[in-house]
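An overview of the molecular structure
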Amino acid sequence: MLIRSAVILGLTILIQLSTQASLPSDLYYNAGVVEFRTGVALTSSGRLNDNLNGYLDILNTAEAGDLDIVAFPEGTLNSNDQATFVPDPTKGLIAPCDDEENTYHDLLKQLSCAARKHSLYLVINLTEKELCSSVPEDPRPCASNDLNVYNTNVVFDRQGQVISRYRKVHLYGENKNSTLVPEFGWFDTDFGVRFGHFVCFDILFYTPAQEMADKYGIKDFVFTTMWFSQLPFLTAVQIHQAWSYGNDVNFLAAGASNPSVGSTGSGIYNGRNGIIVAKMNTGLGERKLYTAKVPKYETQRHRQKRSVAPGAITPRLTKPDIYLKRDYLQSYESVLIDLSQGTSLKQDLCFSKTSFCCAFDLKWQPVALTENSTHYHYRLGVYDGIRNEVAAEINYLKNCALFSCIGEDIMDCGKIFDFDTDVVFENVTITGTYPKSDGFLLMPNSLRAADVMPVPVGQFEWSEVETKDNQIQVRYSLNTTTSNLLAFSIYGNYYDTYAENKGDGAASIGISLLCGLVMFLLNLVL
């Protein structure tokens, strides 16, 4: 009997040790991001039940059992008619799991209980409602039902308490409200990491996303998104890696999964070490948890890039089953590369309306061209101007780029073939001089056709050298033989502050992400 009891006690201890939370002294924490396909039930309540049960099923898996933090994507839980009140953590910590007065929707209570049951930090995105009368300082007109409705991230701690609430600042055609003053979302954990968090379109603006990295020194971020990928510079994993690398931060991105409308892309990224795990899904999408051990920045005193074998060529695959929008590349100054004339090119190119110039140095393998051969054409492009389409908010972009086209005309660019072609680059080096600004981010931006993924860290070199005249000299070089390259560029985002200072003299360029616009259309049927 004593032996049996000792065995049971020993097994219990082993189980507890296997699921023990990370400690502040640990070098890593265990994270998960969920790529999630929404339900297709005919009624709003039916879809909510399907989505909620899908969330709970994922949290109940053994794979989730060892995690410290799990993040779900934007817009995959409830809709406006199923909105919930959310506790304000600045006024005291509340666990909706303990709500006996039905102040909060059942979805919030169940997820609060799930965070407590599994003893993890849980980040979700939902539709929140708030009484307009609770914010009397807001002079803007209120809806007839006396409710504001927000696109909101909610963070639960291990006890199921709401410890952070963030309402999306940069809406894009969404049927939602914005706060009178932009909010910041961050929270501290018991494993010694502070996380910032924001939503989808926010990533292209200074406040709050970039500001948390620049001014508050946050090194770990959670990103909830319903991203709609755009060729050639703004597909999902492509921009995840670029933002994480440019800021040198850990980045946990959870994406909605509906590739047929261009919505997919989730991953966990370790700054200048690149992708730990990432996926661009195809077809019908999925409900899947992706996990990783994430190095803590305080302990990474000797960080090294992942090594990649030189000479590796991008795998040959058929066109991915993802709908991909197209950038307004006709706004660029660009020149077509004649691939039949030699195997190398050196050229400078300037944007005619400004003094912004880029230098390109390319080398490719000989291309066997015949009268009927089909292959990617390539252009060198430079842009220096405002990016502004439907959204009321604007960004300013400085971009030195190589990008692919399915024909010789600029309108053929930003498109993808249904099959592989045989253009292989042995080297691409781009250099440019970028001005410093109050708010900006320089990013290595790249994309391959075969898997709609960026060129991995280790297959390129990136350097920034600050000059005495407040400029930054940037050099971006592809150092690995690569086929079917869709984009390779120094992507400089100068945010809205720079655009306001420079005026609107430059031609506009559309972002066409439609993060919120498509969400608005979806909400009409949810």
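All residue numbers refer to positions counted from 1 along the written sequence of the respective chain. Given that this is a predicted model, residues contribute local features only at a pLDDT of at least 70 and side-chain atom pairs are listed and counted only at 80 or more, while totals for whole chains, interfaces and linings are drawn from all residues. For the side-chain quantities, the full set of heavy atoms in the structure was used; hydrogens and water were omitted.

1. A closer look at the overall build of the protein chain
Elements are defined by DSSP. Helices are runs of H or I of four residues or more, strands are runs of E of two residues or more, and each kind is numbered from the N terminus. Each helix and strand counted, the protein chain has seven helices and 25 strands in total. Across the 526 residues that make up the protein chain, the buried fraction comes to 56%. When checking whether two residues touch, look at their non-hydrogen atoms; a contact exists if any pair is within 4.5 Å. Relative to all contacts within the protein chain whose residues are 6 or more apart in sequence, the contacts with residues 24 or more apart total 74%. Exposure was quantified through the Shrake-Rupley algorithm and a 1.4 Å probe, taking into account, for residues, occlusion by the shown protein chains and nothing else. A total of about 21500 Å² of accessible surface is found on the protein chain, and carbon and sulfur atoms cover 51% of it. Under the scheme applied here, a residue whose accessible area is under 20% of the maximum for its type counts as buried, over 50% as exposed, and between as partly exposed, the area being computed with a 1.4 Å probe on protein chains only.

2. Focus: the nonpolar core
Among the buried residues, those of types Ala, Val, Leu, Ile, Met, Phe, Trp, Tyr and Cys that are joined through side-chain atoms within 4.5 Å form a nonpolar core. The biggest cluster of nonpolar side chains holds 93 residues, and the ones touching the most others in it are Phe198 and Trp243. Sorting elements by how many residues they give to this core places strand β19 (residues 395-405) first, with seven residues. Among all residues touching Phe198, those that are not within four sequence positions of it are Asn153, Tyr166, Ile203, Ala209, Met212, Phe221, Val222, Phe223, Thr224, Trp243 and Phe251. Core analysis: the next-biggest nonpolar cluster, separate from the first, contains 28 residues, Phe36, Tyr55, Leu56 and Ala64 among them.

3. Remarks on helix α4 (residues 206-214)
Burial analysis of α4 places seven of its nine residues in the buried class, the great majority of the element. Those residues of α4 lying buried are Tyr206, Pro208, Ala209, Gln210, Glu211, Met212 and Ala213.

4. A few points about the sheet that holds strand β6 (residues 186-188)
Either a parallel or an antiparallel arrangement is found when strands of a sheet pair, and the pairing is made through backbone hydrogen bonds. Think of it this way: DSSP has to see at least two bridges between two strands before they count as a pair. Spatially, six strands are ordered β6-β7-β8-β10-β11-β12 in an open sheet, and the strand pairing comes out mixed. What marks the edges here is a single partner per strand, and that holds for β6 and β12 (275-279). Across the sheet, the mean angle from the axis of one strand to that of its neighbour is 15°, orientation sign disregarded. Helix axes are fitted to C-alpha atoms over the stretch in contact, other axes to C-alpha atoms as well, and angles between N-to-C directions run from 0 to 180 degrees. α4 rests against β6, β7 (194-199) and β8 (220-225) of the sheet, and its axis sits at about 160° to β7. Sheet contacts for helix α5 (residues 236-247): β7, β8, β10 (250-255), β11 (266-270) and β12; angle to β11, the most-contacted strand, approximately 20°.

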